[in-house]
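Coordinates in review
Below are the chains, spelled out letter by letter.
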Amino acid sequence: MTSTTHPTSSVEPRRAALGDPGYQAFVILRVGFTVAPILFGLDKFANLLVDWPTYLAPWINDIVPGSAQAAMYAVGVVEIVAGLVVALAPRFGGWLVAGWLAGIIVNLLTIPGYYDIALRDFGLLLGAVALARLAQRYHGERQPH
């Protein structure tokens with residue numbers, strides 16, 4: 001029996017993949033950008049972490065129908081969906097989250113006193129772009145080349 005016909009354990013390639021720092025970074029970012037948007041999206045309905053409507057710029061509140069809290073419900077749904085898209089299709093989900101964060105940054109830059117949060121969200125945007133790029137590299141793979 002040659003090595004090409006000998007059944008191999010799926011543990012060995014998985015161990016090799018998990019030893020690759022690039023793949024580790026991909027997994028960390030994928031988990032983070034799955035869990036965080038879902039949790040923050042869910043909190044838009046409960047306001048346990050923060051009073052979310054205060055983060056909505058007045059000019060946006062003026063153009064969206066309903067109250068700021070109603071807008072946050074819509075934001076929550078988008079964030080939950082974005083987290084699920086990252087989980088299922090990180091090549092697309094990373095760009096979706098990056099685009100969403102760009103919109104949040106524009107919103108925050110128009111509210112005096114929220115520039116620090118906009119800067120933090122810019123860092124998250126960079127992480128989402130890195131996720132999308134790493135997902136391109138590791139698309140469909142359980143192990144690196």
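Scope of this entry: the structure provided in the associated data block.

Conventions adopted
- Residues numbered from 1 in each chain as written.
- Predicted model: local features only at pLDDT ≥ 70, side-chain atom pairs only at ≥ 80, totals over all residues.
- Heavy atoms only, no water.
- Salt bridge = Lys/Arg side-chain N within 4 Å of Asp/Glu carboxyl O.
- Helix = DSSP H or I, 4+ residues; strand = E, 2+ residues; numbered from the N terminus.
- Buried < 20%, exposed > 50% of the residue type's maximum accessible area, 1.4 Å probe, protein only.
- Phe/Tyr/Trp six-rings, centres within 6.5 Å; stacked < 30°, edge-to-face > 60°.
- Lys NZ or Arg CZ within 6 Å of the ring centre and 35° of its normal.
- Polar contact = N/O pair within 3.5 Å; in protein donor to acceptor, adjacent residues only side chain to side chain.
- Contact = heavy atoms within 4.5 Å.
- Axes fitted to C-alpha atoms, helices over the stretch in contact; angles between N-to-C directions.
- Parallel < 35°, antiparallel > 145°, perpendicular 65-115°, else oblique.
- Left-handed = near helix turned anticlockwise from the far one by under 90°.
- Nonpolar A, V, L, I, M, F, W, Y, C, P; charged D, E, K, R; others polar.

This part is about the pattern of salt bridges. Per the stated rule, a full pass over the model turns up two salt bridges. Glu 79 is the partner of Lys 44 in a salt bridge, and the nearest nitrogen-oxygen pair spans 2.8 Å. Residue Lys 44 is found in the loop between helix 2 (21-43) and helix 3 (58-63), and its partner Glu 79 is found in helix 4 (residues 68-88); the two are separated by 35 residues along the sequence. Taking relative accessible area as the criterion, Glu 79 reaches 8% and is therefore assigned buried. Of the charged contacts in the structure, one is a salt bridge between Arg 120 and Asp 121, with a shortest N-O distance of 2.8 Å. A relative accessible area of 48% places Arg 120 in the partly exposed class. Judged by its relative accessible area of 5%, Asp 121 falls in the buried class.

Summed over all chains, the structure comprises seven aromatic pairs. Residues Tyr 23 and Phe 26 carry aromatic rings whose centres are separated by 5.9 Å and whose planes lie at 50° to one another, so their mutual orientation is tilted. Placement of both Tyr 23 and Phe 26 in helix 2 is noted, with a separation of three residues, approximately one turn of the helix. Judged by its relative accessible area of 5%, Phe 26 is buried. What links up through ring pairs into an aromatic cluster is the set Phe 40, Trp 52, Tyr 55 and Tyr 114. In this structure, Lys 44 packs its charged tip against the face of Trp 52, placed 3.5 Å from the ring centre. Above the face of the Tyr 138 ring, Arg 137 is positioned so that its terminal group lies 4.7 Å from the ring centre.

Looking now at the side chain of Glu 79. Of note is the side chain of Glu 79, whose polar atom sits 3.5 Å from the backbone nitrogen of Gly 41. Excluding residues that lie within four positions of it along the chain, Glu 79 makes contacts with Pro 37, Ile 38, Phe 40, Gly 41, Lys 44, Trp 100 and Ile 104.

Of note, Phe 33 is situated in helix 2. Note: C-alpha distance between Phe 33 and Gly 93 (60 residues apart in sequence) is 8.7 Å. With residues near it in sequence (within four places) discarded, Phe 33 still touches Gly 83, Val 86, Val 97, Leu 124, Gly 127, Ala 128 and Leu 131.

Glancing now at the packing of helix 2 against helix 4. The interhelical angle for the contact between helix 2 and helix 4, taken along N-to-C directions, is 160°, at an axis separation of 7 Å. As judged from the angle between their axes, helix 2 and helix 4 are roughly antiparallel. Crossing angle aside, the handedness with which helix 2 passes helix 4 is left-handed. Judged by residue contacts, Arg 30, Phe 33, Thr 34, Pro 37, Ile 38, Phe 40, Gly 41 and Leu 42 of helix 2 engage Gly 76, Glu 79, Ile 80, Gly 83, Leu 84, Val 86, Ala 87 and Leu 88 from helix 4. Grouping the amino acids of the contact of helix 2 with helix 4 by side-chain chemistry returns ten nonpolar, four polar and two charged.

Here the focus is the packing of helix 2 against helix 6 (residues 115-138). Where helix 2 contacts helix 6, the axes come no closer than 9 Å and their chain directions differ by 125°. Judged by the angle between their axes, helix 2 and helix 6 are oblique. Viewed along their axes, helix 2 and helix 6 form a crossing whose handedness is left-handed. Contacts between helix 2 and helix 6 involve Gly 22, Tyr 23, Ala 25, Phe 26, Leu 29, Arg 30 and Phe 33 on the former and, on the latter, Leu 124, Gly 127, Ala 128, Ala 130, Leu 131, Leu 134, Ala 135 and Tyr 138. Split by residue class, the contact of helix 2 with helix 6 holds twelve nonpolar, two polar and one charged.

Note that all results are geometric; they support no functional claim without further evidence.
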